[in-house]
Amino acid sequence: MAADGASQVAILRDVASLRAQVAQWRAQGETIALTPTMGALHAGHVALLLEAKRCARRSVMSIFVNPTQFAPTEDFENYPRSLEADAAKFAAAGGDALFAPSVEEMYGEGFATKIVVGGPAEAGLEDRFRPTHFSGVATVVAKLLNQCRPDVAIFGEKDYQQLKVVTRMARDLDIDVAILGAPTIREPDGLALSSRNIYLSAQERAAAPNLHAALARCAFDINSGISIDAALAAAKASIAAVGFEADYVEARDAQTLAPIARREDGPMRLLAAARLGKTRLIDNIAV
Ligand code: AMP
């Protein structure tokens, strides 16, 4: 096994090592949960791991900053990478194995396949601003699911559209795994934890919780009978007032992500993406 000595957990660097570890667990009759991440672990990732441990005997977390889900203009090169610290956090939370492959291991010479995603991936939310993103996500997640073949894979509701895209993809491609969503973990002031929050200046950090506050207020307003359009307009105005530039603030069907005109038409989700300076934050909330 290609294990580093950096922590008590095995850090697996290649697919063969991952498969050997999983086969050993399977031979013992053990179940396996996979939690895909890009690392720079925070309490949101740890919450997913704890959920994984509730769902299966063994927990694997992948740490892979996936180049194919970043546009050329995005932060792939500068995305925070901290494998040593991540391994310590993962070990402290009781994880079993970290899978941290290189780009070359994941995308060998001649790699030429990608998954074309529709349905929730074409909802007109993140896909409008990151048109190649979900194809990259779906392709790498399909690879990770094939490499690990877990019983369960855990994804955060923080990336709500991604959760729906991955669920749809696994179902459509008959991948034999249960995709599970876990709630968003927040700072005490409401800001959703994100590896990208470190990009925020002190002033931006102070304004950032207003995104969640605006969505929470919007959900409250809609539940109080205020029209969806009026509630969304108020949310947009309140984040603009503290310096956000919104990409979108929308009310959608919580399952399909299709536009939804009336509260009575089904469970609803509010989803938003907005930029504070150079940092783009996303958030969402149930209504
Ligand atoms: P990332 O490393 O940002 O790609 O995220 C890896 C997984 O962690 C994804 O399923 C995310 O949705 C999830 N995640 C990220 N931030 C949070 C959070 N604040 N609470 C819960 N899950 C999160």
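Starting afresh in each chain, residues are numbered from 1 along the sequence in its written order. Reporting in this predicted model follows two pLDDT cut-offs: at least 70 for local features of residues, and 80 or more for side-chain atom pairs to be given and counted; totals over whole chains, interfaces and linings ignore these cut-offs and use all residues. Hydrogen atoms and water are omitted, and side-chain values are computed over all heavy atoms in the structure.

**A word on the sheet that holds strand E7 (residues 245–253)**
(1) Moving on: Pairing between strands is defined by DSSP: at least two bridges between the two strands are required. Strands are runs of DSSP state E lasting at least 2 residues, helices are runs of H or I lasting at least 4, and numbering of each runs from the N terminus. Strand order in the open sheet formed by three strands is E7-E8-E9, with antiparallel pairing between adjacent strands. Either end of the sheet is taken by a strand with one partner, and the two such strands are E7 and strand E9 (279–286). Strand after strand, the sheet turns through a mean of 10° between neighbouring axes, direction not considered.
(2) Moving on: Where E7 lies against strand E8 (residues 268–276), eight bridges are found, and the strand directions are antiparallel. Following the sheet pairing, Glu245 is matched in E8 by Arg275.
(3) Moving on: On top of the sheet, helix H10 (residues 228–240) reaches E7 and E8; it is set at about 155° to E7, its chief contact. Axes here mean lines fitted to C-alpha atoms, for a helix over just the part in contact, with angles spanning 0 to 180 degrees between N-to-C directions. Every residue pair with non-hydrogen atoms within 4.5 Å of one another is taken to be in contact.

**Notes on the packing of aromatic side chains**
(1) Moving on: Any pair of Phe, Tyr and Trp rings, taking the six-membered ring for Trp, is counted once the centres come within 6.5 Å. Such a pair is stacked with planes under 30 degrees apart, edge-to-face with planes over 60 apart, and tilted for the rest. One pass over the full model with this rule turns up five aromatic pairs.
(2) Moving on: Arranged with centres 6.1 Å apart and planes meeting at 40°, the rings of Phe64 and Tyr107 form a pair that is tilted. Here Phe64, found in the loop between strand E3 (58–63) and helix H3 (83–92), pairs with Tyr107, found in the loop between helix H4 (103–106) and helix H5 (126–129); they are 43 residues apart in sequence, far enough to count as distant. Considered together, Phe64 and Tyr107 belong to a single accessibility category, that of buried residues.
(3) Moving on: By way of ring pairs, the aromatic residues Phe64, Tyr107 and Phe111 are connected into one cluster.
(4) Moving on: Positioned above the aromatic ring of Phe76, the side-chain terminus of Arg81 is 4.9 Å from the ring centre.
(5) Moving on: Taking NZ or CZ as reference, Lys143 lies 5.8 Å from the ring centre of Tyr107, over its face. A simple rule labels every residue: compare its accessible area, found with a 1.4 Å probe on the protein chains alone, to the largest value its type can have, and call it buried under 20%, exposed over 50%, or partly exposed in between. Note on criteria: charge over ring means Lys NZ or Arg CZ within 6 Å of the ring centre, with the direction from the centre no more than 35 degrees off the ring normal.

**Some thoughts on the site of the ligand**
(1) Moving on: What surrounds the ligand is a group of 17 residues, the closest being Met38, Gly156, Asp159, Ile185 and Leu193.
(2) Moving on: Within the side chain of Asp159, a nitrogen or oxygen atom sits 2.6 Å from an oxygen atom of the ligand.
(3) Moving on: Here a polar contact is taken to be a pair of N or O atoms separated by no more than 3.5 Å, where protein atoms must pair a possible hydrogen donor with a possible acceptor and residues adjacent in sequence count only if both atoms sit in side chains. At 2.9 Å, a backbone N or O of Ile185 approaches a nitrogen atom of the ligand.
(4) Moving on: Among the secondary structure elements, those contributing two or more residues to the shell around the ligand are strand E2 (32–37), helix H2 (43–55) and strand E5 (152–156).
(5) Moving on: The element that contributes the greatest number of residues to the shell around the ligand is H2, accounting for three residues.
(6) Moving on: Put simply, Ala, Val, Leu, Ile, Met, Phe, Trp, Tyr, Cys and Pro go in the nonpolar bin, Asp, Glu, Lys and Arg in the charged bin, and everything else, Gly too, in the polar bin. When its residues are assigned to classes, the shell around the ligand shows eight nonpolar, seven polar and two charged. Throughout, near means a residue has at least one heavy atom within 4 Å of the molecule or strand.

**Details of the pattern of salt bridges**
(1) Moving on: Salt bridges are identified by distance alone: a Lys or Arg side-chain nitrogen within 4 Å of an Asp or Glu carboxyl oxygen. Within the structure shown, the criterion is met by 19 salt bridges.
(2) Moving on: Among the salt bridges present, the one from Asp189 reaches Arg205, with a minimum N-O distance of 3.0 Å. With a gap of 16 residues between them, Asp189 in the loop between strand E6 (178–182) and helix H8 (202–207) and Arg205 in helix H8 connect regions that are remote in the sequence.
(3) Moving on: Classification of Asp189 by relative accessible area gives partly exposed; the value is 40%.
(4) Moving on: Three or more residues joined by partner-sharing salt bridges are found here, namely Glu30, Arg57, Arg58 and Asp96.

**Quick word on the domain arrangement of the protein chain**
(1) Moving on: What fixes the domain bounds is an automatic or database domain assignment. Once the domains are mapped, the protein chain shows domain 1 (2–182) and domain 2 (195–286).
(2) Moving on: Taken over C-alpha atoms, the centre of domain 1 sits 27 Å from the centre of domain 2.
(3) Moving on: Counting residues at the interface gives 23 residues for domain 1, matched by 18 residues for domain 2.
(4) Moving on: Once two parts are brought into contact, the accessible area they lose, counted with a 1.4 Å probe and summed over both, makes up the buried area. In this assembly, domain 1 packs against domain 2 so that about 1800 Å² is buried in total across both faces, 50% of it on carbon and sulfur atoms.
(5) Moving on: One can count four salt bridges joining domain 1 with domain 2.
(6) Moving on: The partner of Glu126 in a salt bridge is Arg280, and the shortest N-O contact between them spans 2.8 Å.
(7) Moving on: There are 13 residue pairs in polar contact (both at pLDDT 80 or more) connecting domain 1 and domain 2.
(8) Moving on: For the side of domain 1 that touches domain 2, the secondary structure elements donating two or more residues are H5 and helix H7 (160–172).
(9) Moving on: A per-class count over the side of domain 1 that touches domain 2 returns nine nonpolar, six polar and eight charged.

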